Every structure is written in structure tokens, then in C-alpha cells.
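Chain residues, written in single-letter form:
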Amino acid sequence: MAKSLLLVSRQAPWSSPGAREALDIVLAGGAFDLPIGLLFLDDGVLQLMPGQQAKALRQKDLAANLQALSLFGIDEVFACRSSLDARGLDPSTLGLNAVQLLSSPELAGIIDRYDQVITL
């Protein structure tokens, strides 16, 4: 039986390749039917903002990758509520609808549910 994997994405969408790499890892794991989850934490929650102007930065838009998560069987998608609050983001306006919002105390429980955790 495959071990479960939680990928914690802590990078803003365009600050480094970390955000794209996190999504690539999750999508690849989903393609192989691995039990995998994705947690947006700290500046990683900025990836969930709608209407990002990736072309202005000459970057590829991450929105399509986010929308593909469910197509790849990635149903365990989480975001830290306090990270959203600290950045003034309204959960009702996120670019991804299937995000489970977690309080800070709930984060430890989610992390403990997975066999392996990778942070990018």
C-alpha cells in the first residue's frame, strides 16, 4: 500500500519556482493514484487568489493547474484560515472552491494524518 503524502505549499505564486513545483508534484502523485493532499500555508495561500496577472510577469498561470486538482483525484486540499486572515483574503472569493479551511489547532491533526510531509 502506498504511503500518503501531504505537500505543504508556503510560497507565493511568483516569488520562486516553489509554488509551481508543489503543484507539479501533487498532480504527478494524483496521476499515479497516490493518496496525496495539498495544504496552502503562509504566503502559499496567495496562490488561491483569483484574477492573477501571470502574463504581466511573463509567467505561466497556475490557475489551470489548481482547477485540474480534482481531475487528478486530489480531493484533500486545505488552506490555513489564519494565513488567509493575515493577508486580508476572503475565503468566499478564493479561486478554488474545494478548499477546506483549517484553524491553527487543526493543522497539526491534518499533518499527523499523512505518512510523509514535503514543504515547498
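The rules behind the values
Residues numbered from 1 in each chain as written. Predicted model: local features only at pLDDT ≥ 70, side-chain atom pairs only at ≥ 80, totals over all residues. Heavy atoms only, no water. UniProt positions renumbered as here; feature names shortened; annotations may be inferred. Helix = DSSP H or I, 4+ residues; strand = E, 2+ residues; numbered from the N terminus. Buried < 20%, exposed > 50% of the residue type's maximum accessible area, 1.4 Å probe, protein only. Expected span 1.5 Å × (residues − 1). Contact = heavy atoms within 4.5 Å. Pairing = 2+ DSSP bridges. Right-handed = clockwise from strand over helix to strand, strands pointing away. Axes fitted to C-alpha atoms, helices over the stretch in contact; angles between N-to-C directions.

Looking at an unreviewed UniProt entry, one finds the chain named Sulfurtransferase complex subunit TusC, with Pseudomonas piscis as its source organism. Per UniProt, the chain has the following entry under Sequence similarities (unreviewed entry): "Belongs to the DsrF/TusC family."

Q: Sorry, what's going on with unusual backbone geometry here?
A: A negative phi angle is the norm for most residues apart from glycine, just as the trans form is the norm for most peptide bonds. Even without a glycine there, the phi angle at Asp 33 is positive, about 60°. With respect to the helices and strands, the residue Asp 33 is situated in the loop between α1 (18-31) and β2 (36-40). Asp 33 sits in the exposed class, given a relative accessible area of 69%. Even without being a glycine, Asp 42 presents a positive backbone phi close to 55°. The topology assignment puts Asp 42 in the loop between β2 and α2 (63-67). The class for Asp 42 is partly exposed, based on a relative accessible area of 25%.

Q: Would you explain α1 in this entry?
A: A turn of α-helix holds 3.6 residues, and therefore any two residues three or four places apart point the same way. Helix length check: α1, at 14 residues, gives a terminal C-alpha distance of 20 Å against a target of 20 Å (1.5 Å per residue), a fit within 8%. Each element contacted by the buried residues of α1 is listed here: β1 (5-9), β2 and α2. Positive backbone phi, at 60°, marks Asp 33, one or two positions downstream of α1.

Q: Can you help me understand the pairing of strand β3 (residues 76-80) in this one?
A: Taken residue by residue, a regular strand's side chains alternate between the two faces of the sheet. Taking burial as the measure, the five residues of β3 include four buried ones, the bulk of the element. Of the strand pairs in this sheet, β2 and β3 are connected by four bridges, and their pairing is parallel. Considered in β3, the bridge of Phe 40 is made with Ala 79. One ladder, built from three bridges, connects β3 with strand β4 (residues 100-102); its direction is parallel. Opposite Ala 79, over in β4, you have Leu 101 as the bridge partner. Read as a crossover between parallel neighbours, the route from β3 over helix α3 (residues 81-86) to β4 is right-handed.

Q: For this particular structure, what's the right way to read the pairing of β2?
A: Taken across its five residues, β2 has five buried, putting it largely inside the fold. Here β2 shows no split at all, with Ile 36, Leu 38 and Phe 40 on one side and Gly 37 and Leu 39 on the other all buried. One ladder, built from five bridges, connects β1 with β2; its direction is parallel. Counted as the bridge partner of Ser 9 is Phe 40 from β2.

Q: Can you walk me through the sheet that holds β3 in this structure?
A: Sheets are built from strands paired through backbone hydrogen bonds, the pairs being either parallel or antiparallel. Strand order in the open sheet made by the five strands is β4-β3-β2-β1-β5, with parallel pairing throughout. Each edge of the open sheet is held by one strand with a lone partner, namely β4 and β5 (116-119). Strand-to-strand twist of the sheet, defined as the mean angle between neighbouring strand axes without regard to direction, takes the value 25°.

Q: What should I look at first to understand the side chain of Ser 9 in this one?
A: If you trace the backbone, Ser 9 turns up in strand β1. Residues within four places of Ser 9 in sequence aside, it is in contact with Ala 19, Ala 22, Leu 38, Leu 39, Phe 40, Leu 41, Gly 44, Gln 47 and Leu 120.

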